[in-house]
Amino acid sequence: MKIPTTLSELTPSWLTEALQTTEGLADVEVELCEVEPMGVGQGLSSQMGRLRLTYAEGAAGPATIIAKLPPSDAASRATASRLNLFEIENRFYAELAPRAGLRVPRCYYGAMNRPADEHVLLLEDLAGSVVGDDVAGSSLARVELVVRHLAGMHAAWWESPQLAELAWLKSWSDPAEAETMESLYQTSWDTVEGYGFEIPPAVVDLGRSLKPCSAAIHRELSAPPWTLVHGDVRLDNLLFGTAEAAPPLVVIDWQIVGRLRGAYDVATFLVSSLKPEIRGLCELDLVAAYHRALLAGGVADYSLDACLTDYRLTMVSWFSRVVFVGASYDLGNERGHALIQGLLDRVSAALVDLDCGKLIGEAGR
């Protein structure tokens, strides 16, 4: 089958052929497809749409599905290709999704043509769930829910030899991968620093000092003990159940799923989801609760002090990622600009609160 490159190419005939490859949908015939573009100002400018489907009489299938394609914008597409984001997500749904340990959308169809950089996913549209909002932030109850679920997944995959067999998983243990991240940060820092974002002077100094040594921090976070991490646990990537029959938590956007220290997911989630004054009051308790859940799940030889160090290292790594993701956004988009400013505000406060400049100095030696 030809892989569509735009939402307009998701025709009834193409969708019929794609859905008929899915278990339980062999007899469906799509007669009409209405496309509602979605995701503006979120993620790496993926082409995403909610498809409202009408079937031939006697056929039954999902009333709506979510379609995801690479971005049409050349710059965003080049960045996504360089980081291999869409191949990683396709492979996740094909090889890992049923056993990931977190509830994820069902994948009705996935295909890719790596040489042509063509990818498509048709995913479950979750009824009775509401997506979180990075800009608005989260309640503490939802934060505690997410931390518990992350601990369960991390404990299940802790030091699993299966992770080493999945060569496509994101890992910075490969020097070339770590250096790619460092290069992206170096080229993006000037863009973000010069765009007029409000960044505290101490964090501006920290951002400049990170340019020659971010690769060392990425490599440290990729060293054992590792586990399966989502890599981008933000409210924009979480669906919370609002109906009784809906799952309490669904995690989407698996483009940078990887093999890293588990604290990476916890730190990125807390810093992106909580206002600094709230995070400062509860983060140590939440990290301790996460650590206790790991131990209860069978993890051994991993101290709370080690967990806290990994948590602090992640704040530095996450800051570098916010910078290069921010540089690839359409910063003229009001929500996109507000999202990046909000993430910068929160991670900047964490860098200061946790004295992360010391870690950068140690990495640079």
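Residues numbered from 1 in each chain as written. Predicted model: local features only at pLDDT ≥ 70, side-chain atom pairs only at ≥ 80, totals over all residues. Heavy atoms only, no water.

**Observations regarding the pairing of strand E8 (residues 238–241)**
- Sheet analysis places strand E6 (residues 129–131) next to E8, joined by three bridges and oriented antiparallel. Opposite serine 129, over in E8, you have glycine 241 as the bridge partner.
- Here three bridges tie E8 to strand E9 (residues 249–251), and the two strands are oriented antiparallel to one another. Looking across to E9, one finds that phenylalanine 240 is bridged to leucine 249. (Pairing = 2+ DSSP bridges. Helix = DSSP H or I, 4+ residues; strand = E, 2+ residues; numbered from the N terminus.)

**Here we look at the side chain of lysine 170**
- Examined against the element boundaries, lysine 170 turns out to sit in the loop between helix H5 (162–165) and helix H6 (175–193).
- A residue is classified by how much of its surface remains accessible, and lysine 170, at 8% relative accessible area, is buried.
- In terms of polar contacts, lysine 170 uses its side chain to reach the backbone carbonyl oxygen of leucine 83, at 2.9 Å.
- Once residues lying within four places of it in the same chain are set aside, the contact partners of lysine 170 are Leu83, Ile88, Glu177, Ile256, Val257, Gly258 and Arg259. (Buried < 20%, exposed > 50% of the residue type's maximum accessible area, 1.4 Å probe, protein only. Polar contact = N/O pair within 3.5 Å; in protein donor to acceptor, adjacent residues only side chain to side chain. Contact = heavy atoms within 4.5 Å.)

**What to know about helix H11 (residues 304–328)**
- Between the first and last C-alpha of H11 there are 36 Å, a value that for 25 residues agrees with the 36 Å anticipated at 1.5 Å per step.
- Burial analysis of H11 places 19 of its 25 residues in the buried class, which makes it a mostly covered element. (Expected span 1.5 Å × (residues − 1).)

**Section: the confidence of the model for the protein**
- Looking at the protein, the pLDDT average stands at 90 and 96% of residues meet or exceed 70.
- Element-level mean pLDDT values for the protein span from 77 in helix H13 (residues 357–364) up to 98 in strand E7 (residues 227–229). (pLDDT = per-residue confidence, 0-100.)

**Comments concerning empty space enclosed by the protein**
- Inspection of every chain in the model, using the stated rule, returns two cavities of 30 Å³ or more.
- As for the second largest cavity, its lining consists of Pro70, Arg77, Ala80, Ser81, Asn84, Leu85, Phe86, Glu87, Arg114, Asp117 and His119.
- Counting only elements with at least two residues in the lining of the second largest cavity, the list comes to helix H2 (74–82) and helix H3 (85–96). (1 Å grid on protein atoms, 1.4 Å probe; cavity = no way out; pocket = protein on both sides within 12 Å on 5 of 7 lines; lining within 4 Å. Points joined across faces, edges and corners; volume = space filled by probe spheres on them.)

**Regarding the side chain of serine 188**
- Looking at the element boundaries, serine 188 is found in helix H6.
- For serine 188, a relative accessible area of 6% corresponds to the buried category.
- Here serine 188 is in contact with Val323, Phe324 and Ala327, once residues within four sequence places are set aside.

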